[in-house]
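Summary of the model geometry
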Amino acid sequence: MTDIRTFLKNYDGPKVRLMEVCGTHTASISKNGIVCMLSPNIQLISGPGCPVCVTVTAYIDRLTELCMQPNTIVLTFGDLMRVPGTERNLNDAKAAGGSVRMVYSPLDALRYAEENPQLTCVFAAVGFETTAAVYASLLQEALQKEIKNFRLLTSLKVMPPVLDWVCANQGGIDGFIAPGHVSVITGWKIYEPLAKKYNIPFVVSGFEGGQLLETIYALVKLRGMPRVMNLYPSVVTENGNEEALRAMADCFEPCPAAWRGMGVIPDSGLRLHGEYAMFDAGSDGLLQDHSFNTNCRCAKVLTGAVSPTQCPLFGRVCTPQTPQGACMVSQEGSCYNYYISGRGSK
Ligand code: SF4
């Protein structure tokens, strides 16, 4: 590890830009002070891997409408409550009389529905492959127990199409720190077509500081090579969790999805299908995105086009206490992490 640290600190080869895709990696990079351990010739940029950050305002607006309907309650994780919609967030809607309840897990949401059959219980289901697998097992239970008042408003997304979009439209990226949690479900093989198409390395990484340093070292060494390397073999395999993938295919089918900053990307979303379609709370067509604050640069931050600190509102108007965009709300958001760690302020 000492050799790796020395190499990364003193690296004076060609400039390398690496994208960490996953919001949990962004948070770990901040927490471990990884950027300070790198040569100025190694730049890390954050990507579109924070599920709350890439959720468009049409989805938040739909949640704020649903919570106002009679005999309906919206169940959600806490961070989604502060994400700005076009005019208001879920906290505002709750203050105006909407029924909104914070839950700590999707299982809590299902239990709440089971205990309150008089209510239509809508769970705000955002996330990537990792959480889609959890929702799938939950829906199987809801179907089996005939829990008919449980609904999902889905904004579920999958990684390969958006990585393709970033490579094709953003450019200037020399390698990807591939998301660890997603890869547990999908397996590492899903990155091979992209690695070959764009002649770029992908390294699947764990979340500890040392694991991230090893990953960055590998990516610098593999620069310009169409390689996929798995440096998280304790939990990531070539083909992923086949049982979870089967459950997901049972419940969901691919659909177009809107990503903040990227527009609609074909086949990058998941919608309920077959006998599970009855659990849908009206998720189709939620594609519009409006900036709550027109100076917010979330759309560019999410594609790595600008750093959070280049947003004119960063740290002045926009802070974790007064977020103007989703990237400052979630603990996996780029702006939040840059703010709390001072990353990018040098
Ligand atoms: S600092 Fe705030 S306003 Fe600026 S891009 Fe980030 S979330 Fe948006």
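It should be noted that the structure appears before, not after, this text.
Below you will find a few notes about this structure. Just so you know, these numbers come straight off a predicted model, no measurement behind them.

As a matter of local geometry, the ligand sits amid Cys296, Arg297, Cys298, Cys311, Leu313, Phe314, Cys318, Gln324, Gly325, Cys327, Met328 and Cys335. Across the shell around the ligand, the residue classes break down as nine nonpolar, two polar and one charged.

The next thing to look at is the pairing of strand S1 (residues 16-22). Among the seven residues of S1, six are classified as buried, and the element is accordingly described as predominantly covered. In this structure, S1 lies alongside strand S2 (residues 42-49), joined through six bridges in parallel fashion. Along S2, the bridge assignment pairs Val16 with Ile42. Read from S1 through helix H2 (residues 23-31) to S2, the crossover connection turns out right-handed. Sheet topology note: the S1/strand S7 (residues 175-178) ladder contains three bridges and is parallel. By the bridge assignment, Glu20 is partnered in S7 with Ile177.

The next point concerns the nonpolar core. Counting residues in hydrophobic clusters, the biggest one holds 70 residues, and the most contacted among them are Tyr59, Leu80, Phe176 and Phe202. One finds Tyr112, Ile147, Val158 and Phe252 within the second-largest nonpolar core, a separate group that totals 33 residues.

Read across the open sheet, the six strands follow the order S4-S3-S5-S6-S11-S10; overall the sheet is mixed. Each having just a single partner strand, strand S4 (100-102) and strand S10 (252-259) make up the two edges of the open sheet. Taken over all neighbouring pairs, the strand axes of this sheet differ in orientation by 30° on average, direction set aside. For strand S3 (residues 72-76) and S4, the ladder comprises three bridges, and the chain directions are parallel. Within S4, the position partnered with Thr76 by the bridge is Met102. Docked against the sheet, helix H3 (residues 57-66) engages S3, strand S5 (120-127) and strand S6 (150-157), running at close to 170° with respect to S6. Sheet contacts for helix H11 (residues 242-251): S10 and strand S11 (263-272); angle to S10, the most-contacted strand, approximately 80°.

Here is what the cut-offs are and how they apply
Per chain, residues are indexed from 1 in the order of the written sequence. In view of the model being predicted, local features appear only for residues whose pLDDT reaches at least 70, and side-chain atom pairs are presented and counted only at 80 or more, with totals across whole chains, interfaces and linings using the full set of residues. Calculation of side-chain values draws on the structure's entire complement of heavy atoms; hydrogens and water are dropped beforehand. Being near a molecule or strand, for a residue, comes down to having at least one heavy atom within 4 Å of it. Any residue outside Ala, Val, Leu, Ile, Met, Phe, Trp, Tyr, Cys, Pro, Asp, Glu, Lys and Arg is labelled polar, Gly included; the first ten of those are nonpolar and the last four are charged. Exposure categories follow from relative accessible area, calculated using a 1.4 Å probe and restricted to protein chains: below 20% of the type maximum is buried, above 50% is exposed, and the middle band is partly exposed. The numbering of helices and of strands both runs from the N terminus, where a helix is a DSSP run of H or I of at least 4 residues and a strand a run of E of at least 2. By the convention used here, strands pair only if DSSP detects at least 2 bridges between them. Here the term right-handed applies to a crossover when the path leading from its first strand over the helix to its second strand runs clockwise, the strands being oriented away from the viewer. To qualify as a nonpolar core, a set must consist of buried Ala, Val, Leu, Ile, Met, Phe, Trp, Tyr and Cys residues joined through side-chain atoms within 4.5 Å. In this analysis an axis means a line fitted to C-alpha atoms, helices contributing only their contacting stretch, and an angle means the value between N-to-C directions, from 0 to 180 degrees. Residue contacts are counted whenever heavy atoms from the two residues lie within 4.5 Å of one another.

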